[in-house]
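Commentary on secondary and tertiary structure
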Amino acid sequence: MQANKAPQIASLYVGDLHPDVTEAMLYELFNRIGPVASIRVCRDKINKQSLGYGYVNFHSANDAETALDTLSYTNIHGRCCRLMWSQRDTGQRKSSNSNVYVGNLDKNIDNKALHDTFSVFGDIRSCKVAADSLGNSYGYGFVHFETEEAARDAIVKLNNMEVSGKRIQVCMCENRKDVPNANSADNFTNLYVKCFPAHWDEEVLKEEFGKFGVLTGVAVRKDGQGRRCAFVNFESHEDAKECVNKMHMRDMRSPEEDSKDESEVGTDGHPLTRLYVQRAQPKAERERMLKNQYAHEEAIKGKKSTVSLYVKGLQEDVTDQSLRALFEPFGRVLSATVPCDSSGKCRGFGFVNYGTVQEATKAVSQMHMHVINGKAIHVDLAESKQDREARQARAHQRFGNMPLRPPMMGMPNRGPMFPPMMGPPMGGMRPGPCGPCGSPCSGPCAPGFPSRPGPWMGHYPLPSPNGVPGLPGPCGPCGPCGPCGGPCRPKMMVTPATLASMSPPMQKQLLGEKLYSEIVRIDPERAGRITGMMLEMENSELLALIESPEQLRSKAREAMQMLAQR
């Protein structure tokens, strides 16, 4: 019997249940003892998954006591259940003056074997061996006696006794919340260990760490991702401190692995080839530390002390180091990151952070449309998900649902005819008489054509035309156009090579000049608005339109139809 004196209730707690165990299965088992009043398996409120325990209520306390004596540790759906009286008094349930900790247990000892070993010292409320989700023992357990005298008797007689070939440790269980400054930096004895070789088990850890002093416990654990770690507890704080000083950052590479790259680090920045040995932090302290760390990082982000660039069009073999080397000539690169897929290959884009706007502007001007290994890369300011969604929402409000454009030759279909705009379109562009002959001007000097980039051209300062090789200066004293009425600047060929040598604003300006000169022949009254809308497309698509007058006329007609619907 687990308890000679049953409480004046008829409710039993059933623990260690398999997730698939249902109320019907429990009813079938317990109703054999006597009439069952009710059964409940406790479940998560959100996903309704079993929490691994439940309650069985009998009409008779005698039936409940019989079930407790005969059905404890019965196998239900592949797991041995654990029964105890349901204790509603939280203070009694959590009292530690009769709760005994049992360490260094053999892995083959289960709940029933532990109960049989300690039941000779008195009535037991609960007995449990700590185990993982698969039932593998962690090597320690707890025995909760009815009385403090029984617990102390068990400690005196079983501590340091050999059970199943191992000397067990038996002592009073201490609640960590009741121990002030548990494992603090001034008196710690428990160490957290990671990055150790795969063949290291508890025995090897005991051998390696036992050189520094007497050990009271060693445990190896795995997290949800299969990563191994260990906890090593010393009897003396001085021994634990000496172990940290000598074992932390110990090179764990074998002679065959000497050539292994040491630059590989974990998420916390610790080299994976070196042993990590530090004080084991209590959960509450670790949570406070992480909270402060995240708050500090968010504060840094809020200050916007860095300028982030988005780079796309990268080859598969690009790494963080090669991306950094590519952008270092333009200033101090704070960080360079290339997201990779599961096979370790670059996903085609990356991010580069500079400390100043000037450095970032220089990098964009020099690297946008720069050809690397036969492929032009795209460089622009990175924007957060919230900013991008807000910009797309504004574009949707402005243009509404636009008809899909057919994919151009060699280009994927990107959805609407025009991509979301970065700002208000170029408006007010109208051809007007320019010079004595009254012929329209096709350059930036046309009425309404902005002479410097607006919001739609990005956030970079636009250099003067004289500062860009190949572009003529402003018009002379004769006015926007010469005496003959023709354009005052020579025609400039628009090719990928020409665009690659320019900054993004100058690229859009050159493309705008070329588009306007063609669209003004189709719709002189609305040429400015149509040109501004088209400039929101990718440069590669604009080049295809310029090279194909038929496609350009088709897109212009689509834009005219859309404007007519407003």
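Because the structure is predicted, anything quoted here is derived from the model rather than measured. (Residues numbered from 1 in each chain as written. Predicted model: local features only at pLDDT ≥ 70, side-chain atom pairs only at ≥ 80, totals over all residues. Heavy atoms only, no water.)

A few words now on the overall build of the protein chain. Of regular secondary structure, the protein chain possesses 16 helices and 22 strands. Buried positions account for 40% of the 566 residues belonging to the protein chain. Contacts spanning at least 24 positions in sequence make up 63% of the contacts within the protein chain whose residues lie at least 6 apart. For the protein chain, the exposed surface amounts to about 31900 Å²; the carbon and sulfur share of it is 51%. (Helix = DSSP H or I, 4+ residues; strand = E, 2+ residues; numbered from the N terminus. Buried < 20%, exposed > 50% of the residue type's maximum accessible area, 1.4 Å probe, protein only. Contact = heavy atoms within 4.5 Å. Areas by Shrake-Rupley, 256 points an atom, 1.4 Å probe, with all protein chains shown as cover.)

Pairing within the open sheet is antiparallel, and its four strands lie in the order β8-β9-β7-β12. Whereas interior strands pair on both sides, the edge strands pair on one side only; in this sheet they are β8 (124-131) and β12 (169-172). Taking the axes of each pair of neighbouring strands and ignoring which way they run, one obtains an average angle of 20° across the sheet. In terms of strand pairing, strand β7 (residues 99-103) meets strand β9 (residues 137-145) through five bridges, oriented antiparallel. Counted as the bridge partner of Asn99 is His144 from β9. Of the strands in this sheet, β7, β8, β9 and β12 touch helix α4 (residues 111-118), which is tilted by about 135° from β8. Taken strand by strand, helix α5 (residues 148-158) contacts β7, β9 and β12, and its axis lies near 150° from that of β12. (Pairing = 2+ DSSP bridges. Axes fitted to C-alpha atoms, helices over the stretch in contact; angles between N-to-C directions.)

Now for the nonpolar core. Counting residues in each nonpolar core, the largest one holds 26 residues, and the members touching the most others are Leu511, Leu515, Ile519, Ile530, Met534 and Leu542. With residues up to four places along the chain from it excluded, the contact list for Ile530 reads Ile519, Asp523, Ala556, Ala559, Met560 and Leu563. (Core = buried A, V, L, I, M, F, W, Y, C linked by side-chain atoms within 4.5 Å.)

The next subject is the packing of helix α13 (residues 504-519) against helix α14 (residues 527-534). Packing of α13 against α14 brings their axes to within 9 Å, and their N-to-C directions diverge by 140°. Considering their axes alone, α13 and α14 lie oblique with respect to each other. In terms of crossing hand, the pair formed by α13 and α14 is right-handed. Residues Gly512, Leu515, Tyr516 and Ile519 of α13 form the contact with α14, whose own contacting residues are Ala527, Gly528, Ile530, Thr531 and Met534. Of the residues that constitute the contact of α13 with α14, the class distribution is six nonpolar, three polar and no charged. (Parallel < 35°, antiparallel > 145°, perpendicular 65-115°, else oblique. Left-handed = near helix turned anticlockwise from the far one by under 90°. Nonpolar A, V, L, I, M, F, W, Y, C, P; charged D, E, K, R; others polar.)

Next up on the list: the pattern of salt bridges. Per the stated rule, a full pass over the model turns up 16 salt bridges. Here Glu146 and Arg125 are joined by a salt bridge, their closest N and O atoms 3.4 Å apart. Of this pair, Glu146 sits in the loop between β9 and α5 while Arg125 sits in strand β8, placing them 21 residues apart in sequence. Of the charged contacts in the structure, one is a salt bridge between Arg227 and Asp223, with a shortest N-O distance of 2.7 Å. For Asp223, a relative accessible area of 32% corresponds to the partly exposed category. Via salt bridges that share partners, Asp16, Arg82 and Lys128 belong to a single interconnected network. (Salt bridge = Lys/Arg side-chain N within 4 Å of Asp/Glu carboxyl O.)

Here we come to the environment of Met247. With respect to the secondary-structure elements, Met247 resides in helix α7 (residues 237-247). According to the relative accessible area criterion, Met247 is buried, its value standing at 4%. Sequence separation between Met247 and Tyr276 is 29 residues, and the spatial gap between their C-alpha atoms is 7.8 Å. Look past the residues within four positions of Met247 in its chain and what remains in contact with it is Phe209, Phe212, Leu275 and Val277.

All right, on to the sheet that holds strand β6 (residues 82-85) then. Spatially, β2-β3-β1-β6 is the arrangement adopted by the four strands of the open sheet, whose pairing is antiparallel. In the strand order of this sheet, the two ends are held by β2 (36-43) and β6, each with one partner. When the angles between neighbouring strand axes are averaged without regard to direction, this sheet yields 20°. Pairing between strand β1 (residues 11-15) and β6: four bridges, direction antiparallel. Among the inter-strand pairings, Gly15 is bridged to a residue of β6, identified as Arg82.

Moving on to the packing of aromatic side chains. Here the structure, examined in full by the defined rule, presents 15 aromatic pairs. Among the aromatic residues, those joined into a cluster by ring pairs are Tyr101, Tyr138, Tyr140 and Phe142. Taking the ring centre of Tyr276 as reference, the NZ or CZ of Lys194 above it sits at 5.0 Å. (Phe/Tyr/Trp six-rings, centres within 6.5 Å; stacked < 30°, edge-to-face > 60°. Lys NZ or Arg CZ within 6 Å of the ring centre and 35° of its normal.)

Along the polypeptide, His368 turns up in the loop between α10 (357-367) and β20 (371-372). By relative accessible area, which is 5% here, His368 ends up buried. In this structure the side chain of His368 is engaged in a polar contact, spanning 3.0 Å, whose partner is the backbone nitrogen of Val379. (Polar contact = N/O pair within 3.5 Å; in protein donor to acceptor, adjacent residues only side chain to side chain.)

Do not read the fine detail of predicted coordinates wherever pLDDT is low. Chain-level pLDDT for the protein chain is 77 on average; 74% of the residues reach the 70-or-more range. Low confidence marks residues 401-490, where pLDDT is under 50. Its contacts with residues over four positions away, or in another chain, come to 177 contacts. (pLDDT = per-residue confidence, 0-100.)

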